[in-house]
Amino acid sequence: MDILSKLALVFTDGLGNASIRRLVDLYPDQDIFALPASELKEAFGTHKGIIENIRGKSAFIRAEEELRFCESNHVRPLFFTDPGYPMRMNSPETDDCPVLLYCLGTTDLNPERSVAIVGTRRATAIGRDNTNLFVGELKNYNPHIVSGLAYGIDSAAHTAALDFGLPTVAVLGHGLDRIYPAANRPLAKRILENGGALVTEYPSGTAINPRYFPARNRIIAGMSDATLVMEASEKGGALITAAIANSYHRDVFAIPGRLGDTYSKGTNNLIATNRALLVRGARDMAFQLGWPVEGEQLALGEMKSEEPLSRDEQRVVDCLKENDHMTLDELASEVGFSLAKTASILFNLEMMSRIHTLPGHSYQLTGR
(Lines give C-alpha, C1' and ligand atoms only; values in the text may rest on other atoms or scores of the structure.)
Protein backbone atom coordinates (compact mmCIF):
# COMPACT_ATOMS: atom_id res chain seq x y z
CA MET A 1 0.00 0.00 0.00
CA ASP A 2 1.10 3.56 -0.62
CA ILE A 3 1.20 6.08 2.21
CA LEU A 4 -2.14 7.63 1.21
CA SER A 5 -3.89 4.26 1.56
CA LYS A 6 -2.22 3.70 4.93
CA LEU A 7 -3.49 7.06 6.14
CA ALA A 8 -6.94 6.28 4.78
CA LEU A 9 -7.04 3.04 6.77
CA VAL A 10 -6.40 4.98 9.97
CA PHE A 11 -9.13 7.49 9.10
CA THR A 12 -11.72 4.82 8.23
CA ASP A 13 -14.57 4.83 10.75
CA GLY A 14 -14.83 1.57 12.65
CA LEU A 15 -11.24 0.48 12.12
CA GLY A 16 -9.06 0.45 15.22
CA ASN A 17 -5.42 -0.44 15.70
CA ALA A 18 -6.13 -4.13 16.29
CA SER A 19 -8.41 -4.51 13.26
CA ILE A 20 -5.94 -2.70 10.99
CA ARG A 21 -3.12 -4.98 12.13
CA ARG A 22 -5.33 -7.98 11.46
CA LEU A 23 -6.28 -6.75 7.98
CA VAL A 24 -2.67 -6.12 7.00
CA ASP A 25 -1.67 -9.55 8.34
CA LEU A 26 -4.43 -11.18 6.27
CA TYR A 27 -3.71 -9.21 3.09
CA PRO A 28 -0.08 -8.05 3.34
CA ASP A 29 0.49 -7.46 -0.37
CA GLN A 30 -2.95 -6.29 -1.43
CA ASP A 31 -4.78 -2.99 -1.67
CA ILE A 32 -7.31 -3.42 1.12
CA PHE A 33 -9.59 -0.77 -0.38
CA ALA A 34 -9.80 -2.81 -3.59
CA LEU A 35 -10.80 -6.06 -1.86
CA PRO A 36 -14.23 -7.45 -2.78
CA ALA A 37 -16.92 -7.42 -0.11
CA SER A 38 -16.75 -11.20 0.10
CA GLU A 39 -13.11 -11.01 1.25
CA LEU A 40 -13.86 -8.32 3.80
CA LYS A 41 -16.71 -10.37 5.23
CA GLU A 42 -14.20 -13.03 6.21
CA ALA A 43 -12.43 -10.45 8.34
CA PHE A 44 -15.44 -8.56 9.74
CA GLY A 45 -18.36 -10.98 9.47
CA THR A 46 -21.60 -9.14 10.09
CA HIS A 47 -20.04 -5.71 10.66
CA LYS A 48 -21.53 -4.29 7.46
CA GLY A 49 -20.87 -0.70 8.46
CA ILE A 50 -17.10 -1.23 8.54
CA ILE A 51 -17.18 -3.04 5.20
CA GLU A 52 -19.20 -0.20 3.65
CA ASN A 53 -16.77 2.38 5.06
CA ILE A 54 -13.80 0.56 3.53
CA ARG A 55 -15.51 0.03 0.20
CA GLY A 56 -16.80 3.62 0.12
CA LYS A 57 -13.27 5.08 0.41
CA SER A 58 -14.63 8.26 2.01
CA ALA A 59 -11.61 8.32 4.35
CA PHE A 60 -9.35 9.27 1.44
CA ILE A 61 -10.60 12.88 1.62
CA ARG A 62 -9.27 13.32 5.17
CA ALA A 63 -6.18 11.27 4.33
CA GLU A 64 -5.32 13.58 1.44
CA GLU A 65 -5.64 16.61 3.72
CA GLU A 66 -3.32 15.07 6.28
CA LEU A 67 -0.80 14.03 3.66
CA ARG A 68 -0.67 17.61 2.38
CA PHE A 69 -0.05 18.81 5.94
CA CYS A 70 2.74 16.26 6.37
CA GLU A 71 4.42 17.17 3.09
CA SER A 72 4.20 20.90 3.82
CA ASN A 73 5.64 20.56 7.32
CA HIS A 74 8.27 17.83 6.80
CA VAL A 75 6.33 15.35 8.94
CA ARG A 76 6.95 11.64 8.36
CA PRO A 77 3.87 9.42 8.62
CA LEU A 78 5.16 6.03 9.79
CA PHE A 79 2.93 2.96 9.36
CA PHE A 80 3.65 -0.08 11.52
CA THR A 81 5.01 -1.98 8.51
CA ASP A 82 7.43 0.80 7.55
CA PRO A 83 11.16 0.43 8.42
CA GLY A 84 11.19 3.76 10.28
CA TYR A 85 8.36 2.81 12.64
CA PRO A 86 9.58 1.98 16.19
CA MET A 87 9.83 -1.80 16.05
CA ARG A 88 9.75 -2.08 19.84
CA MET A 89 6.02 -1.33 19.44
CA ASN A 90 5.48 -4.30 17.13
CA SER A 91 5.82 -7.00 19.78
CA PRO A 92 2.85 -9.23 20.73
CA GLU A 93 2.54 -7.39 24.07
CA THR A 94 2.22 -3.96 22.42
CA ASP A 95 -0.67 -4.71 20.07
CA ASP A 96 -2.60 -1.77 21.54
CA CYS A 97 0.01 0.68 20.23
CA PRO A 98 -1.01 2.91 17.31
CA VAL A 99 -0.44 1.54 13.81
CA LEU A 100 0.59 4.96 12.55
CA LEU A 101 2.77 7.67 14.03
CA TYR A 102 3.50 11.19 12.82
CA CYS A 103 7.15 12.08 13.33
CA LEU A 104 8.71 15.54 13.04
CA GLY A 105 12.49 15.26 13.11
CA THR A 106 15.11 12.99 11.63
CA THR A 107 16.23 10.86 14.57
CA ASP A 108 16.13 7.08 14.29
CA LEU A 109 13.19 5.69 16.28
CA ASN A 110 14.92 2.30 16.45
CA PRO A 111 18.08 3.08 18.43
CA GLU A 112 20.20 0.42 20.08
CA ARG A 113 19.07 1.65 23.50
CA SER A 114 16.12 3.73 24.61
CA VAL A 115 14.98 4.86 28.08
CA ALA A 116 11.73 6.57 29.06
CA ILE A 117 12.01 9.03 31.94
CA VAL A 118 8.74 10.20 33.47
CA GLY A 119 7.44 11.80 36.62
CA THR A 120 5.25 14.42 38.17
CA ARG A 121 4.49 17.74 36.50
CA ARG A 122 5.11 19.36 39.89
CA ALA A 123 8.74 18.30 40.12
CA THR A 124 10.71 19.33 43.17
CA ALA A 125 14.18 20.83 42.96
CA ILE A 126 15.56 17.46 44.14
CA GLY A 127 13.62 15.67 41.42
CA ARG A 128 14.97 17.95 38.71
CA ASP A 129 18.51 17.65 40.07
CA ASN A 130 18.25 13.85 40.22
CA THR A 131 16.99 13.78 36.65
CA ASN A 132 19.94 15.83 35.50
CA LEU A 133 22.41 13.64 37.42
CA PHE A 134 20.87 10.41 36.14
CA VAL A 135 20.84 11.50 32.50
CA GLY A 136 24.43 12.67 32.87
CA GLU A 137 25.40 9.18 34.00
CA LEU A 138 23.37 7.62 31.17
CA LYS A 139 25.54 9.46 28.65
CA ASN A 140 28.11 6.67 29.06
CA TYR A 141 25.58 4.24 27.52
CA ASN A 142 24.29 6.56 24.78
CA PRO A 143 20.55 5.80 24.92
CA HIS A 144 17.76 7.84 23.42
CA ILE A 145 15.74 9.61 26.12
CA VAL A 146 11.97 9.43 25.64
CA SER A 147 9.45 11.53 27.55
CA GLY A 148 6.24 13.50 27.14
CA LEU A 149 7.22 17.21 26.91
CA ALA A 150 5.06 18.00 29.95
CA TYR A 151 6.02 20.32 32.77
CA GLY A 152 8.22 18.97 35.54
CA ILE A 153 10.20 15.76 35.16
CA ASP A 154 9.44 15.41 31.43
CA SER A 155 10.91 18.82 30.67
CA ALA A 156 13.88 18.13 32.96
CA ALA A 157 14.58 14.84 31.16
CA HIS A 158 14.48 16.41 27.68
CA THR A 159 16.61 19.34 28.82
CA ALA A 160 19.22 17.12 30.46
CA ALA A 161 19.41 14.92 27.35
CA LEU A 162 20.07 17.99 25.22
CA ASP A 163 22.65 19.32 27.67
CA PHE A 164 24.53 16.01 27.65
CA GLY A 165 24.30 15.48 23.91
CA LEU A 166 21.84 12.57 23.94
CA PRO A 167 19.07 12.25 21.33
CA THR A 168 15.64 12.84 22.83
CA VAL A 169 12.13 12.07 21.61
CA ALA A 170 9.03 13.90 22.87
CA VAL A 171 5.73 12.03 22.58
CA LEU A 172 2.80 14.42 22.29
CA GLY A 173 -0.87 14.05 23.14
CA HIS A 174 -2.04 16.18 20.20
CA GLY A 175 -1.26 16.90 16.56
CA LEU A 176 1.97 18.39 15.27
CA ASP A 177 0.28 21.65 14.29
CA ARG A 178 0.65 22.86 17.88
CA ILE A 179 2.77 22.47 21.03
CA TYR A 180 1.24 22.03 24.46
CA PRO A 181 2.06 23.39 26.92
CA ALA A 182 2.87 26.53 24.96
CA ALA A 183 5.66 27.37 27.41
CA ASN A 184 7.57 24.35 26.07
CA ARG A 185 7.70 25.59 22.48
CA PRO A 186 11.34 26.71 22.88
CA LEU A 187 12.19 23.27 24.29
CA ALA A 188 10.47 21.54 21.37
CA LYS A 189 12.37 23.76 18.94
CA ARG A 190 15.64 22.91 20.68
CA ILE A 191 14.85 19.18 20.49
CA LEU A 192 14.40 19.43 16.73
CA GLU A 193 17.47 21.62 16.22
CA ASN A 194 19.59 19.03 18.03
CA GLY A 195 18.51 16.00 16.03
CA GLY A 196 15.65 14.83 18.21
CA ALA A 197 12.04 14.25 17.27
CA LEU A 198 8.45 15.06 18.16
CA VAL A 199 6.13 12.05 17.79
CA THR A 200 2.36 11.63 18.03
CA GLU A 201 -0.44 9.33 16.94
CA TYR A 202 -2.83 12.27 16.52
CA PRO A 203 -3.35 14.04 13.18
CA SER A 204 -3.25 17.79 12.68
CA GLY A 205 -6.26 19.66 13.95
CA THR A 206 -6.70 17.42 16.99
CA ALA A 207 -8.00 19.51 19.86
CA ILE A 208 -6.27 19.42 23.23
CA ASN A 209 -8.10 16.79 25.27
CA PRO A 210 -7.02 15.56 28.73
CA ARG A 211 -7.88 11.94 27.90
CA TYR A 212 -5.32 11.87 25.07
CA PHE A 213 -2.38 12.35 27.42
CA PRO A 214 -2.73 9.06 29.35
CA ALA A 215 -3.19 7.31 25.98
CA ARG A 216 0.11 8.65 24.67
CA ASN A 217 1.89 7.03 27.62
CA ARG A 218 1.68 3.64 25.88
CA ILE A 219 3.88 5.10 23.12
CA ILE A 220 6.41 6.38 25.67
CA ALA A 221 6.57 2.93 27.28
CA GLY A 222 6.38 1.04 23.99
CA MET A 223 9.29 2.89 22.36
CA SER A 224 11.60 2.22 25.29
CA ASP A 225 13.63 -0.67 26.68
CA ALA A 226 12.89 0.56 30.19
CA THR A 227 10.90 3.20 32.02
CA LEU A 228 12.38 5.22 34.89
CA VAL A 229 10.03 7.00 37.30
CA MET A 230 11.87 9.88 38.96
CA GLU A 231 9.17 11.43 41.16
CA ALA A 232 5.46 10.60 41.41
CA SER A 233 2.58 11.07 43.79
CA GLU A 234 0.13 8.28 44.57
CA LYS A 235 -1.77 8.90 41.31
CA GLY A 236 -0.77 10.36 37.97
CA GLY A 237 0.46 9.82 34.45
CA ALA A 238 3.87 8.52 35.47
CA LEU A 239 2.27 5.59 37.30
CA ILE A 240 0.11 4.89 34.24
CA THR A 241 3.26 4.74 32.12
CA ALA A 242 4.88 2.37 34.63
CA ALA A 243 1.82 0.10 34.62
CA ILE A 244 1.82 0.01 30.82
CA ALA A 245 5.55 -0.78 30.74
CA ASN A 246 4.94 -3.64 33.18
CA SER A 247 2.20 -4.99 30.91
CA TYR A 248 4.64 -4.82 27.98
CA HIS A 249 7.17 -6.88 29.99
CA ARG A 250 9.60 -3.95 29.96
CA ASP A 251 11.83 -3.10 32.91
CA VAL A 252 10.54 -0.40 35.25
CA PHE A 253 12.85 1.47 37.62
CA ALA A 254 12.17 4.05 40.30
CA ILE A 255 14.18 6.47 42.42
CA PRO A 256 13.27 6.11 46.11
CA GLY A 257 12.44 9.16 48.18
CA ARG A 258 11.91 10.17 51.77
CA LEU A 259 8.95 8.64 53.56
CA GLY A 260 6.06 11.07 53.71
CA ASP A 261 7.16 13.26 50.79
CA THR A 262 4.19 13.73 48.46
CA TYR A 263 6.16 13.10 45.28
CA SER A 264 7.97 10.09 46.66
CA LYS A 265 4.82 8.18 47.58
CA GLY A 266 4.31 6.90 44.04
CA THR A 267 7.90 5.80 43.46
CA ASN A 268 8.23 4.23 46.90
CA ASN A 269 4.99 2.32 46.37
CA LEU A 270 6.19 1.01 42.99
CA ILE A 271 9.33 -0.32 44.67
CA ALA A 272 7.51 -1.73 47.71
CA THR A 273 5.04 -3.66 45.52
CA ASN A 274 7.74 -5.04 43.19
CA ARG A 275 6.39 -3.11 40.22
CA ALA A 276 9.69 -1.27 39.86
CA LEU A 277 13.31 -1.95 40.72
CA LEU A 278 15.09 0.49 43.00
CA VAL A 279 18.00 2.25 41.33
CA ARG A 280 20.55 4.61 42.82
CA GLY A 281 22.03 5.70 39.51
CA ALA A 282 22.46 4.84 35.84
CA ARG A 283 24.94 2.05 36.59
CA ASP A 284 22.24 0.13 38.48
CA MET A 285 19.93 0.40 35.49
CA ALA A 286 22.66 -0.55 33.03
CA PHE A 287 23.51 -3.61 35.12
CA GLN A 288 19.89 -4.80 35.12
CA LEU A 289 19.54 -4.21 31.37
CA GLY A 290 22.79 -5.97 30.56
CA TRP A 291 24.42 -2.88 29.12
CA PRO A 292 28.22 -2.60 29.30
CA VAL A 293 29.44 -1.91 32.82
CA GLU A 294 32.75 -0.06 33.10
CA GLY A 295 33.58 -0.89 29.51
CA GLU A 296 32.87 -4.62 29.80
CA GLN A 297 30.12 -6.31 27.79
CA LEU A 298 28.40 -8.95 29.92
CA ALA A 299 27.47 -12.12 28.10
CA LEU A 300 24.03 -13.59 28.69
CA GLY A 301 23.94 -15.33 32.05
CA GLU A 302 27.57 -14.48 32.82
CA MET A 303 29.12 -12.11 35.32
CA LYS A 304 32.67 -11.10 36.11
CA SER A 305 32.57 -13.51 39.02
CA GLU A 306 33.92 -16.94 38.10
CA GLU A 307 32.19 -18.61 41.03
CA PRO A 308 31.14 -22.06 39.74
CA LEU A 309 27.53 -23.16 39.80
CA SER A 310 26.26 -26.33 41.37
CA ARG A 311 24.50 -28.86 39.15
CA ASP A 312 21.08 -27.71 40.42
CA GLU A 313 21.95 -24.04 39.97
CA GLN A 314 23.13 -24.70 36.43
CA ARG A 315 19.87 -26.48 35.70
CA VAL A 316 17.89 -23.39 36.69
CA VAL A 317 20.20 -21.12 34.67
CA ASP A 318 19.83 -23.36 31.61
CA CYS A 319 16.06 -23.21 31.97
CA LEU A 320 16.13 -19.41 32.08
CA LYS A 321 18.36 -19.32 29.00
CA GLU A 322 15.56 -21.00 27.08
CA ASN A 323 12.88 -18.61 28.38
CA ASP A 324 12.91 -14.85 28.61
CA HIS A 325 11.52 -14.81 32.15
CA MET A 326 9.76 -17.29 34.45
CA THR A 327 7.96 -17.25 37.79
CA LEU A 328 8.98 -19.38 40.77
CA ASP A 329 6.10 -21.79 40.11
CA GLU A 330 7.01 -22.13 36.43
CA LEU A 331 10.66 -22.77 37.20
CA ALA A 332 9.92 -25.33 39.90
CA SER A 333 7.61 -27.20 37.55
CA GLU A 334 10.12 -27.09 34.69
CA VAL A 335 13.19 -28.26 36.64
CA GLY A 336 11.28 -30.69 38.86
CA PHE A 337 12.36 -29.22 42.22
CA SER A 338 10.15 -28.28 45.15
CA LEU A 339 9.13 -24.64 45.53
CA ALA A 340 11.32 -24.29 48.62
CA LYS A 341 14.39 -25.71 46.89
CA THR A 342 13.83 -23.62 43.76
CA ALA A 343 13.40 -20.46 45.85
CA SER A 344 16.66 -21.19 47.66
CA ILE A 345 18.51 -21.67 44.37
CA LEU A 346 17.07 -18.44 42.98
CA PHE A 347 18.19 -16.58 46.10
CA ASN A 348 21.75 -17.87 45.66
CA LEU A 349 21.79 -17.01 41.97
CA GLU A 350 20.56 -13.51 42.72
CA MET A 351 23.27 -13.06 45.34
CA MET A 352 25.82 -14.07 42.68
CA SER A 353 24.24 -11.52 40.30
CA ARG A 354 23.45 -14.27 37.80
CA ILE A 355 19.74 -13.39 37.74
CA HIS A 356 17.49 -10.50 38.70
CA THR A 357 13.87 -10.15 39.74
CA LEU A 358 11.40 -8.48 37.41
CA PRO A 359 8.23 -6.64 38.41
CA GLY A 360 5.53 -9.27 38.84
CA HIS A 361 7.78 -11.69 40.73
CA SER A 362 9.38 -13.36 37.72
CA TYR A 363 13.07 -14.05 37.17
CA GLN A 364 15.41 -13.33 34.28
CA LEU A 365 19.08 -13.89 33.55
CA THR A 366 21.20 -10.80 34.07
CA GLY A 367 22.19 -9.40 30.71
CA ARG A 368 19.00 -10.37 28.92
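Definitions and cut-offs
Every chain is numbered on its own, with residues counted from 1 as its sequence reads. In view of the model being predicted, local features appear only for residues whose pLDDT reaches at least 70, and side-chain atom pairs are presented and counted only at 80 or more, with totals across whole chains, interfaces and linings using the full set of residues. Side-chain figures throughout are based on the complete set of non-hydrogen atoms in the structure, without hydrogens or water. For helices the rule is a DSSP run of H or I covering at least 4 residues; for strands it is a run of E covering at least 2, with both sets numbered from the N terminus onward. The atom set for the radius of gyration is the C-alpha atoms, and the globule formula is 2.2 Å times the number of residues raised to the power 0.38. Throughout, exposure labels follow a simple rule: accessible area from a 1.4 Å probe, protein chains only, divided by the maximum for the residue type, with under 20% read as buried, over 50% as exposed, and the rest as partly exposed. To be clear on the numbers: accessible area is Shrake-Rupley with a 1.4 Å probe, and residue cover counts the displayed protein chains and nothing else. By the counting rule applied here, Lys and Arg register as positive and Asp and Glu as negative, while His and the ends of each chain are not counted. Charged groups are reduced to one reference atom each: NZ for lysine, CZ for arginine, CG for aspartic acid, CD for glutamic acid. We call two strands paired when DSSP finds no fewer than two bridges between them. For every element, the axis is a line fit to its C-alpha atoms; helices are fit only across the contacting stretch, and the angle between N-to-C directions ranges from 0 to 180 degrees. For this classification, under 35 degrees means roughly parallel, over 145 means roughly antiparallel, 65 to 115 means roughly perpendicular, and everything else is oblique. Here, residues are in contact when the closest pair of their heavy atoms is within 4.5 Å. Polarity classes work like this: nonpolar for Ala, Val, Leu, Ile, Met, Phe, Trp, Tyr, Cys and Pro, charged for Asp, Glu, Lys and Arg, and polar for all others, with Gly in that last group.

Chemist: Whenever I open this one, the overall build of the protein confuses me. Can you help?
Modeler: Each helix and strand counted, the protein has 15 helices and 12 strands in total. Here the C-alpha atoms of the protein give a radius of gyration of 23 Å, agreeing with the 21 Å that 2.2 N^0.38 yields for 368 residues. Principal-axis analysis of the C-alpha atoms places the extent of the protein at approximately 65 × 50 × 35 Å. Counting the 368 residues in the protein, one finds 52% classified as buried. Working note: accessible area of the protein is about 16,900 Å², and carbon and sulfur atoms make up 50% of it. Distance between charge centres in the protein, computed from 37 positive and 45 negative side chains, equals 5 Å.

Chemist: What exactly am I supposed to notice about the sheet that holds strand E11 (residues 355-358) here?
Modeler: To summarise the sheet geometry, strands pair through backbone hydrogen bonds and adopt either a parallel or an antiparallel arrangement. Strand order in the open sheet formed by 3 strands is E10-E12-E11, and the pairing between neighbours is antiparallel. Here the strands that pair on one side only, and so sit at the sheet edges, are strand E10 (326-327) and E11. Bridge count for E11 against strand E12 (residues 362-365) is 4 bridges, and the pairing is antiparallel. Counted as the bridge partner of leucine 358 is serine 362 from E12.

Chemist: I keep staring at the packing of helix H13 (residues 311-321) against helix H15 (residues 339-351) and nothing clicks. Help me out?
Modeler: When two helices pack together, their arrangement is captured by the angle between the axes and the distance separating the axes. Between H13 and H15, whose axes approach to 10 Å, the crossing angle comes to 85 degrees. Comparing their axes, H15 and H13 come out roughly perpendicular. Residues Asp312, Glu313, Val316 and Val317 of H13 pack against Lys341, Ile345, Leu346, Asn348 and Leu349 of H15. Looking at side-chain class alone, the contact of H13 with H15 contains 5 nonpolar, 1 polar and 3 charged residues.

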